[in-house]
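Structure at a glance
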Amino acid sequence: MLKISDLHVAYGNVRALRGIDLEVNAGEIVAILGPNGAGKSTLIKTIIGVLSSQRGAIEFEGRAIDALPTAQRIRLGIGTIPEGRQLFPDMSVRENLILGAYAQLGLLVPASLDESLDRVFSVFPRLRERARQLAGSLSGGEAQMVAVGRALMSRPKLLLGDEPSLGLAPILVRELLVTISRLRDAGITVLLADQNALSALRMADRAYVMNTGRIVASGPGAVLAGDQRLLQAYLGSGVDKA
Ligand SMILES: Nc1ncnc2c1ncn2[C@@H]1O[C@H](COP(=O)(O)OP(=O)(O)OP(=O)(O)O)[C@@H](O)[C@H]1O
Ligand SMILES: [Mg+2]
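To start, this report covers the structure provided alongside it. Values in this document were obtained by computation on a predicted structure and should not be read as measured data. (Residues numbered from 1 in each chain as written. Chains lettered and ligands numbered in written order. Predicted model: local features only at pLDDT ≥ 70, side-chain atom pairs only at ≥ 80, totals over all residues. Heavy atoms only, no water.)

Our focus in this paragraph is unusual backbone geometry. The phi angle at D6 is positive, at roughly 45 degrees, despite the residue not being glycine. Here D6 shows up in strand β1 (residues 2-11). Positive phi, normally seen in glycine, also occurs at Q86, with a value near 55 degrees. Note that Q86 resides in the loop between β6 (78-81) and α3 (93-99). (Helix = DSSP H or I, 4+ residues; strand = E, 2+ residues; numbered from the N terminus.)

Spelled out as C-alpha cells, the structure:
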C-alpha cells in the first residue's frame, strides 16, 4: 500500500533521513520506533507532504505521490494524527472534527458530513456527549480521541500516527492501542511512530527501528520485542514494562 525507497530529507544541512526503505501492506499495523531525533516525525511529515524530500520515492497504492500537495494525499486516503495533537482549543469538539473532513471536499456535503461524524462518535461515544464542548477544556485522553477522530473524518485507508500516546496515562495508552487495533479490524492500515516501544511492538505486525536517519532493524513486532540487545541499544529509555 505504501512503499518508500531511498528517502532522503534534510533541514538545511541537518540530514534527518539518510536513505529510508520501508513498506506497509494493506491491513497491517506497522510501528516506527527509535530514540529522540531518530527521524520518526520527519518520516511521517514527509509521507503526508508537510516536508519534501531531496531524494527517493514515496508510492501510495502504486502511484508516486512525492509531488502531490498534502490535501491531495489526504484525498487519496492518507490520514494523520500529527505530533502534539494540534487541536484548536477555542473551537468545539464538533468543529475540530469537521476540520478533518475539509481535505475531502465532497464530505462537506451535510449528509455525508453527518455520516462521518456518526462514524467517529461510534468509535468514541464520549465525543458525542462532548460535541459542543470547547476542545481546550477536554481532558488529555478526550483530546486524544478528538485528534484520532479528526484523522478519521477524511476516511483514510492509511492512518499515520506520530506518537499519539505521548503524555497519556498508562491506562489511556492501552485504550488507545485497543482503539488502533479496532481501526485495523475495520479495514484501516496503520503506520505508527511510538516511544512506548514494547506495547507498540506487541501490537504491531511489523516494526522498523530507526536511529540517526537510518533503519537499523526491522521485522515482526513479536521478534523485535524479544531482542534484548536491540531494545537496549536503541530503545533503552523508551522501553516500558506494559
Ligand atoms: N525544523 C527543523 N530544523 C532543523 N532540524 C530539525 C527540524 N526538525 C527536526 N530536525 C532534526 O532532524 C532530526 C530528526 O528529528 P525528528 O523530529 O524527525 O526525530 P524524532 O525521531 O521524531 O524524535 P522524537 O522522538 O524526539 O520526536 C533531529 O536531529 C532534529 O534535530
Ligand atoms: Mg517525533
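What follows deals with the layout of surface pockets. In this structure, the largest pocket occupies an estimated 460 Å³ of space. As for the largest pocket, its lining consists of 21 residues, and the residues nearest its centre are I74, T80, P82, Q86 and R150. For the lining of the largest pocket, a count of residues per class yields 11 nonpolar, 6 polar and 4 charged. (1 Å grid on protein atoms, 1.4 Å probe; cavity = no way out; pocket = protein on both sides within 12 Å on 5 of 7 lines; lining within 4 Å. Points joined across faces, edges and corners; volume = space filled by probe spheres on them. Nonpolar A, V, L, I, M, F, W, Y, C, P; charged D, E, K, R; others polar.)

It is worth spelling out the pairing of strand β8 (residues 189-193) at this point. Judged by how many residues are buried, β8 sits mostly within the fold: 5 of 5 residues are covered. Here strand β7 (residues 158-162) runs beside β8; their pairing, made up of 5 bridges, is parallel. Bridge assignment links G161 to a residue of β8, and that residue is L192. (Buried < 20%, exposed > 50% of the residue type's maximum accessible area, 1.4 Å probe, protein only. Pairing = 2+ DSSP bridges.)

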